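Fold and contact review
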Amino acid sequence: SVIRPFTELAPDVANNNLARYNFITPNLCDDGHNSCAPTNNQVLQIDNWLAANLPTILNSSAYKNNGLIIILWDEGFNSSDGPIPCIVLSPFAKGGGYNNTIRYTHSATLRTLQKIFGVAPLLGEAASAPDLSDLFVNGAIPGGDAPTATTTSAFNVTGGNATLGGSVNANG
């Protein structure tokens, strides 16, 4: 694993030099933990950060070539592990404002990523958590779980026509 400064992301996107998996976490102001100047509004701070940074990723060839973006909060309601707010952006997301009532936790995200990358065994609670496959079109998540049944949404963002098939991005 390699930890690199966020300032290197835009040049890497421009040069099509991204890893297959990239984990980005904003600072404590932009991730909604702290209320910071100039807005002193945690929700607006998150929104401003996403508005400034997501277009670069969404317009990248890596994203357009079967990419996946998961915007995930690190805490659920009342500081619990679930349900957690989660937004999925992918050419394979069901889209149309789709939502369900499956109780997703961080283990669901881990289970999904392990399936996409073919990593076994499923670690910790990922072994029993539902994966996120219900948010995607059929077959997008390799070995996806059958849907079970707090509110999560998925939006289809244009690009790509193939199945994720084991990778988030073909440039890895």
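First, a word on what this report is: a plain description of the structure on this page. These numbers were taken from a predicted model, which means no experiment stands behind them.

**A look at helix α2 (residues 42-58)**
Given 3.6 residues per turn, any residue in an α-helix points the same way as the ones three and four places further on. Here α2 spans 23 Å end to end across 17 residues, near enough to the 24 Å set by a 1.5 Å rise per residue. Within α2, the full set of buried residues consists of Q45, I46, W49, L50, N53, L54 and I57. Looking at the buried positions of α2, the neighbouring elements they touch are α1 (9-14), α3 (61-64), β1 (69-72) and β2 (86-90). N-capping of α2 is provided by N41, with a side-chain oxygen placed 3.1 Å from the backbone N of V43.

**As for the pairing of β2**
A regular strand carries its side chains on alternate faces of the sheet. Most of β2 is tucked away: four of the five residues are buried. Two elements, β1 and β2, share four bridges in a ladder whose sense is antiparallel. Bridge pairing in β2 places I70 opposite V88.

**Some details on the state of the cysteines**
Counted under the stated rule, the structure contains one disulfide. Sulfur-sulfur distance for the disulfide between C29 and C36 comes to 1.9 Å. Across the S-S bond of C29 and C36 the torsion is about -80 degrees, and the bridge reads as left-handed. With a relative accessible area of 24%, C29 lands in the partly exposed category.

**Focus on the nonpolar core**
Counting 15 residues, the largest nonpolar core has L68, V88, Y104, I116, L132, L135 and F136 as its most contacted members. Those elements that provide at least two residues to this core are β2 and α4 (106-117). The dominant element in this core, judged by the number of residues it contributes, is α4, at three residues. The next biggest cluster of nonpolar side chains, apart from the first, holds 13 residues, and it includes V13, L50, I57 and A62.

**A look at the packing of aromatic side chains**
Counted under the stated rule, the structure contains two aromatic pairs. For the ring pair F6 and W49, a centre distance of 5.5 Å and an interplane angle of 40 degrees mean the geometry is tilted. Of this pair, F6 sits in the segment before α1 while W49 sits in helix α2, placing them 43 residues apart in sequence. The partly exposed category is assigned to F6, whose relative accessible area is 36%. Look at W49 and you get buried, because its relative accessible area is 15%. For the ring pair Y21 and F117, a centre distance of 6.0 Å and an interplane angle of 85 degrees mean the geometry is edge-to-face. With a gap of 96 residues between them, Y21 in the loop between α1 and α2 and F117 in helix α4 connect regions that are remote in the sequence. Taking relative accessible area as the criterion, Y21 reaches 43% and is therefore assigned partly exposed. Take F117: its relative accessible area is 22%, and that puts it in the partly exposed class.

About the thresholds
Residues numbered from 1 in each chain as written. Predicted model: local features only at pLDDT ≥ 70, side-chain atom pairs only at ≥ 80, totals over all residues. Heavy atoms only, no water. Helix = DSSP H or I, 4+ residues; strand = E, 2+ residues; numbered from the N terminus. Expected span 1.5 Å × (residues − 1). Buried < 20%, exposed > 50% of the residue type's maximum accessible area, 1.4 Å probe, protein only. Contact = heavy atoms within 4.5 Å. Polar contact = N/O pair within 3.5 Å; in protein donor to acceptor, adjacent residues only side chain to side chain. Pairing = 2+ DSSP bridges. Disulfide = S-S within 2.5 Å. Core = buried A, V, L, I, M, F, W, Y, C linked by side-chain atoms within 4.5 Å. Phe/Tyr/Trp six-rings, centres within 6.5 Å; stacked < 30°, edge-to-face > 60°.

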